[in-house]
Amino acid sequence: MSQVQDIVAGAEIDERWLPPSPHREKILEKIALGRAHIEETGHNQPPLVYFEDGGMMELPRVRWAGANQFVPDMSAEGAARQTHYTDVCGSIDELKRIEAEEPARVQSDVAHITELLDDIQHMMERMHRRWDVYKEAADALMAAAQQMQAITGPDVPGGLAKLEEMRRFLLEHPEEVAANVPWLHQTAEEVRSVAGRNEQTLYAYREAWIEAGASYLHVKGSRAWNPDNGQSS
């Protein structure tokens, strides 16, 4: 299986929606780095690519523009409303270029200028909503951490000491077992109690970690996050 096929399979992307080469390899690389992710839009509808810096484009229309920039192919009919760039910087740079090189276009192409301004607003608002998601998840993680810190366990060293006491007696004084059954049974039950409470402690930690993991998975969504990806949102 090729690297592209590996990425497609890992991200569960239907290959029919991928743009042509070299654009497909570049966008899949960005997805694999966790700097963009795919969201389905409905049956037989092209999925959307959401970029970490706020941009949004239909997957089959994504075109690599060099470096780390992508733009949508708007030449085909039926193109949905998409951002012209993957981030605010790209939109700002285009506005600055028009202002410096084509100032008359500000009056002659109001629709495009408006779209660029709308793109900036959309991306800033989308990143802010993402910030809210992070903050809410951080609160949930804090609650889970406090829950774990409040967990108290049994005296395991004491239980192990009881076990060692019983071990020495059974191995060193087997002839005295019959006369000491009550004590042996009591000691065994004390060991059992420690082990039982230890199990409950582990269960409590497990439940708290499940809650923490659910918060992480909610934030991560379909993004390809791993320690090797570096910065991504």
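Quick summary incoming for the structure in this document. (Residues numbered from 1 in each chain as written. Predicted model: local features only at pLDDT ≥ 70, side-chain atom pairs only at ≥ 80, totals over all residues. Heavy atoms only, no water.)

A look at the packing of aromatic side chains
1) Next: In this structure the tally under the stated criterion is 3 aromatic pairs.
2) Next: Arranged with centres 5.9 Å apart and planes meeting at 50°, the rings of Tyr-216 and Trp-225 form a pair that is tilted.
3) Next: Lys-135 extends its terminal NZ or CZ atom over the ring of Trp-131, reaching a point 4.7 Å from the ring centre. (Phe/Tyr/Trp six-rings, centres within 6.5 Å; stacked < 30°, edge-to-face > 60°. Lys NZ or Arg CZ within 6 Å of the ring centre and 35° of its normal.)

Quick notes on the packing of helix H5 (residues 110–149) against helix H7 (residues 181–220)
1) Next: Closest axis-to-axis distance for the H5/H7 pair is 9 Å, and the angle between their directions is 175°. Relative to H7, the element H5 lies roughly antiparallel. Residues Arg-130, Val-133, Tyr-134, Ala-137, Ala-140, Leu-141, Ala-144, Gln-147 and Met-148 of H5 form the contact with H7, whose own contacting residues are Ala-204, Tyr-205, Ala-208, Trp-209, Glu-211, Ala-212, Ser-215, His-218, Val-219 and Lys-220.
2) Next: Considered class by class, the residues forming the contact of H5 with H7 number 13 nonpolar, 3 polar and 3 charged. (Axes fitted to C-alpha atoms, helices over the stretch in contact; angles between N-to-C directions. Helix = DSSP H or I, 4+ residues; strand = E, 2+ residues; numbered from the N terminus. Parallel < 35°, antiparallel > 145°, perpendicular 65-115°, else oblique. Contact = heavy atoms within 4.5 Å. Nonpolar A, V, L, I, M, F, W, Y, C, P; charged D, E, K, R; others polar.)

Section: the pairing of strand E2 (residues 48–51)
1) Next: Residues Leu-48 and Tyr-50 of E2 are buried on one face, and the alternating residues Val-49 and Phe-51, pointing to the opposite face, are buried as well.
2) Next: In this sheet, E2 lies alongside strand E1 (residues 36–39) in antiparallel orientation, the contact comprising 4 bridges. Counterpart to Glu-39 in the pairing with E2 is Leu-48.
3) Next: Between E2 and the antiparallel strand that follows it, strand E3 (residues 56–58), lie 4 residues; Gly-54 among them carries a positive phi value of about 110°. (Buried < 20%, exposed > 50% of the residue type's maximum accessible area, 1.4 Å probe, protein only. Pairing = 2+ DSSP bridges.)

Focus on the pattern of salt bridges
1) Next: All chains considered together, the criterion is met by 12 salt bridges.
2) Next: Salt-bridge contacts for Arg-63 lead to Asp-73; the nearest nitrogen and oxygen are separated by 3.3 Å. Of this pair, Arg-63 sits in strand E4 (residues 62–64) while Asp-73 sits in the loop between strand E5 (70–72) and helix H3 (88–101), placing them 10 residues apart in sequence.
3) Next: With a relative accessible area of 18%, Arg-63 lands in the buried category.
4) Next: By sharing partners, the salt bridges in this structure join Glu-94, Arg-97, Glu-101, Glu-102, Arg-105 and Asp-109 into a single network. (Salt bridge = Lys/Arg side-chain N within 4 Å of Asp/Glu carboxyl O.)

As for the environment of Gly-153
1) Next: Among the secondary structure elements, Gly-153 is positioned in the loop between H5 and helix H6 (156–172).
2) Next: In sequence terms Gly-153 and Ala-204 are 51 residues apart; their C-alpha atoms lie 10.0 Å from each other.
3) Next: For Gly-153, the residues in contact, after removing those within four places along its chain, are Arg-197 and Thr-201.

Observations concerning the side chain of Thr-187
1) Next: Inspection of the secondary structure assignment puts Thr-187 in helix H7.
2) Next: Looking at Thr-187, the relative accessible area reads 2%, which means it is buried.
3) Next: There is a polar contact of 2.9 Å between the side chain of Thr-187 and the backbone oxygen of Trp-183.
4) Next: If we ignore the near neighbours within four places in the chain, the residues touching Thr-187 are Lys-162 and Met-166. (Polar contact = N/O pair within 3.5 Å; in protein donor to acceptor, adjacent residues only side chain to side chain.)

Taken by themselves, the reported measurements are silent on function.
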